[in-house]
Structures are given as C-alpha cells and as structure tokens.
Amino acid sequence: YLRGANNEDLSPLVERVIFQLHPSFNNPTRVVDQAPFHVTELGWGEFDIGIKVYFHDGTEQGIDLKHQLQLFPKSGEPSMKRPVVNERYDEFVFNTPPESLMQRIHMCNTRLTVPTVPGSLVSYATLEPHFTPFYYHDELLRMQAAQRRVQAETELLKEEFEQVDAEH
C-alpha cells in the first residue's frame, strides 16, 4: 500500500498507483485509482513489488519504487488472524514544485478513515493498528544530531587540511 506517514488521505495528490506483483498472481498488474491505494492478497513467499505512483498535477512523471515484500511474519508462526505488515518508509521530495502541486500537497492533511473495500479480502481499517507509527519530531531530532556530527567532522577535516597545507 501507499499511505501517508500518519495515514493522511493522499487522494488530492495521488492520481493512481500501479502495483506490479509477482507473475504467479492472477492479474499481477494492479491499478488503483482511488484511496486507499493498496492491494490485498493471500500468499506466501518473498519478492519485489514494483510500485509506480502518478500525481494529479501531471507535471511530475510517475515515481518508481521497489518494495521487497515478505509474506511471512518476521518472528513466530504464520496466522490467518494476524496480517503480515512489511513496511518501508519513503518520502517524496519535490524540487521547486509548481503552485498547483503545492496546493494539492497541502490538501493531504486529513486522516483517511476507510470502510471495508468492496471485493477486498481484508478491511483496510482492520490493518491500521498494525501500521508502524512515524514520529516527525523524533526523526527531526535524529537528522539534527546527524547534521551536527557532519559539521563537527567537516571542521576537523578543514583543520587537518589547513595544517597539511601549511606544512607544504
């Protein structure tokens, strides 16, 4: 699935998502053109899923993602009662997006509450408790700490360079 970090509704921004499943699945190319942008299947194994995300604005080409899907729990025995959630956090960064795209991005601030999807094997809402929470504040603190380490290393390297330069 493709969702906002805190389950925001991405439909103002995302036009459609194409999931390319393993060829052993019936209809391995799945086109989802409305929220929630997800595919539900039963299976076992491990394979790459190709994901192509298209935006409403149309000025951005679709973005290609790959996700290594594992259809088995990382620990414990498989269960028909608990879903297997295998997530990876990616961010889309738009360099100088047009105003129309920025407006759509700002419209994605509503949490998505979704009833059972017709034809789906599992309700999206029943999966939400299994999603990994993402905390922007914690991530910001980690990035700031990393930035301070890089700045400190840069200063040390500058001093070493100046010392070597002075000796020659």
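Here the residue numbers are simple positions, counted from 1 along each chain's written sequence. Local features in this predicted model are restricted to residues of pLDDT 70 or higher, and side-chain atom pairs are both shown and tallied only at a pLDDT of 80 or more, whereas totals for entire chains, interfaces and linings draw on every residue. The side-chain values count all of the structure's non-hydrogen atoms but skip hydrogen atoms and water molecules.

Asker: Is there a simple way to think about a negative patch on the surface in this case?
Answerer: Think of a patch as exposed residues, more than 30% relative accessible area, with no salt bridge, where like charges cluster within 9 Å and nonpolar side chains (Val, Leu, Ile, Met, Phe, Trp, Tyr) cluster within 5 Å. Only the protein chains shown count as cover for residues, and the accessible areas themselves come from Shrake-Rupley with a 1.4 Å probe. Here, a salt bridge means any side-chain nitrogen of Lys or Arg that lies within 4 Å of a carboxyl oxygen of Asp or Glu. As used throughout, the charge tally considers Lys and Arg to be positive and Asp and Glu to be negative, leaving His and the chain termini uncounted. The atoms used to mark charge sites are NZ of Lys, CZ of Arg, CG of Asp and CD of Glu. A contiguous patch of negative charge on the surface is contributed by E159, E160, E162 and D165. Secondary structure counts use DSSP, requiring at least four H or I residues in a row for a helix and at least two E residues in a row for a strand, with both numbered from the N terminus. Here E160 shows up in helix α3 (residues 136-167). You can call E160 partly exposed: its relative accessible area is 48%. Only protein chains enter the area calculation, which uses a 1.4 Å probe; residues under 20% of their type maximum are buried, those over 50% are exposed, and those in between are partly exposed.

Asker: Just to check I follow, could you spell out unusual backbone geometry for this structure?
Answerer: Trans is the prevailing form of peptide bonds, just as negative phi is the prevailing case for residues other than glycine. Residue A35 is joined to P36 through a cis peptide bond whose omega torsion reads 0°. Checked against the element boundaries, P36 lands in the loop between β2 (29-32) and β3 (46-55). Of note in this structure, N27 is not a glycine but carries a positive phi near 50°. Note on placement: N27 falls in the loop between β1 (14-20) and β2. Exposure remark for N27: the relative accessible area of 51% places this residue in the exposed category.

Asker: Where do I start with the packing of aromatic side chains in this structure?
Answerer: Stacked, tilted and edge-to-face are the three classes assigned to paired rings of Phe, Tyr and Trp, where Trp is represented by its six-membered ring and a pair needs centres within 6.5 Å; plane angles under 30 degrees give stacked, over 60 edge-to-face, the rest tilted. Overall, the coordinates contain 1 aromatic pair when judged by the stated rule. A centroid spacing of 5.7 Å and a plane angle of 55° characterise the contact between F25 and F47, whose relative ring orientation is tilted. Note that F25 is positioned in the loop between β1 and β2 and F47 in strand β3, a separation of 22 residues in sequence. Assessed through its relative accessible area of 10%, F47 is described here as buried. Taking the ring centre of Y54 as reference, the NZ or CZ of R16 above it sits at 4.1 Å. By definition here, charges over rings are those cases where NZ of Lys or CZ of Arg is within 6 Å of the ring centre and within 35 degrees of the ring normal.

Asker: How do you make sense of the pattern of salt bridges when you look at a structure like this?
Answerer: Oppositely charged side chains may form a pair once their charged atoms are brought near each other. Evaluated as defined, the whole model comprises 3 salt bridges. When the shortest N-O distance is used, the salt bridge between K52 and D64 registers 3.5 Å. Of the two residues, K52 is situated in strand β3 and D64 in strand β4 (residues 63-70); the sequence distance between them amounts to 12 residues. Taking relative accessible area as the criterion, D64 reaches 55% and is therefore assigned exposed. Where E155 meets K158, a salt bridge forms, and the shortest distance between an N and an O atom there is 3.8 Å. Taken together, the positions of E155 and K158, both in helix α3 and 3 residues apart, correspond to about one turn of that helix. Using a relative accessible area of 42% as the deciding quantity, one classes E155 as partly exposed. Taking the relative accessible area as the measure of exposure, K158 reaches 44% and is therefore partly exposed.

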